[in-house]
Amino acid sequence: MPTLKLEAASAKRLVELLSTDDAFRERFVTDTAQAILDTGHVPESDAALHDFVKQCCSNIRLADKDSIAKAQKEIFAMLTSGTGYNVPMLEHGKGAPRTLR
């Protein structure tokens, strides 16, 4: 799964624009890669950014501007720490796989 980690300045700008700018919000929904680039983000490669957007950003539904503004700290922390997730393998070394319920 592709990941995206933004520099602090780009993440701050992204959250700011999503919480205040209707035109940017529309661009983020319709052309996510370009909107991310518009924040000043410099991707490892264009292919990596477009792969991330293709796999992780389909059917975007944004929260309202006020909700984004109220959650700025949490959103900023997520964007600057990366969006990839590693799932711990709890059954490693325990024989047969377990079924989580």
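Conventions and cut-offs
Residues numbered from 1 in each chain as written. Predicted model: local features only at pLDDT ≥ 70, side-chain atom pairs only at ≥ 80, totals over all residues. Heavy atoms only, no water. Helix = DSSP H or I, 4+ residues; strand = E, 2+ residues; numbered from the N terminus. Contact = heavy atoms within 4.5 Å. Areas by Shrake-Rupley, 256 points an atom, 1.4 Å probe, with all protein chains shown as cover. Phe/Tyr/Trp six-rings, centres within 6.5 Å; stacked < 30°, edge-to-face > 60°. Buried < 20%, exposed > 50% of the residue type's maximum accessible area, 1.4 Å probe, protein only. Axes fitted to C-alpha atoms, helices over the stretch in contact; angles between N-to-C directions. Parallel < 35°, antiparallel > 145°, perpendicular 65-115°, else oblique. Left-handed = near helix turned anticlockwise from the far one by under 90°. Nonpolar A, V, L, I, M, F, W, Y, C, P; charged D, E, K, R; others polar. Arc of directions from axis to C-beta.

As recorded in an unreviewed UniProt entry, the protein chain goes by the name NHLP-related RiPP peptide, listed as coming from Stenotrophomonas nematodicola.

J.: Would you explain the overall build of the protein chain in this entry?
T.: Within the protein chain, the regular secondary structure consists of 6 helices and 0 strands. Reading the secondary structure of the protein chain in the N-to-C direction produces α-α-α-α-α-α. Look at the contacts in the protein chain between residues 6 or more apart in sequence, and 70% of them connect residues 24 or more apart. Total accessible area on the protein chain is roughly 7400 Å²; 52% of this is exposed by carbon and sulfur atoms.

J.: What is the right way to read the packing of aromatic side chains from this model?
T.: For any pair of aromatic rings, the description rests on two quantities: the centre-to-centre distance and the angle between the ring planes. Evaluation of the coordinates by the stated rule reveals 1 aromatic pair. With 6.4 Å between their ring centres and 35° between their planes, Phe24 and Phe28 make a pair best called tilted. In this pair, Phe24 and Phe28 are both assigned in helix H2 (residues 22-30), 4 residues apart and thus about one turn of the helix distant. Each member of the pair, Phe24 as well as Phe28, is classed as buried.

J.: For this particular structure, what's the right way to read the packing of helix H1 (residues 8-18) against helix H6 (residues 72-81)?
T.: Two numbers describe a pair of packed helices, the interaxial angle and the distance between the axes. At their nearest, the axes of H1 and H6 sit 9 Å apart, and the two run at 140° to each other. The orientation of H1 with respect to H6, classified from their angle, is oblique. You can see that H1 and H6 cross each other, and the crossing is right-handed. Residues Ala8, Ala11, Lys12, Leu14 and Val15 of H1 form the contact with H6, whose participating residues are Gln72, Ile75, Phe76, Leu79 and Thr80. Of the residues belonging to the contact of H1 with H6, the class tally is 7 nonpolar, 2 polar and 1 charged.

J.: Looking at this structure, how should I read H2?
T.: In an α-helix, one turn spans 3.6 residues, which is why side chains three or four residues apart end up on the same side. Those residues of H2 that fall on the buried side of the exposure criterion are Phe24, Arg25 and Phe28. Down the axis of H2, the buried set is contained in an arc of 105°. They therefore lie on one face. Residues of H2 that are exposed and angled more than 90 degrees away from the buried face: Asp22, Ala23 and Thr30. At its buried positions, H2 is contacted by H1, helix H3 (32-38) and helix H5 (65-70).

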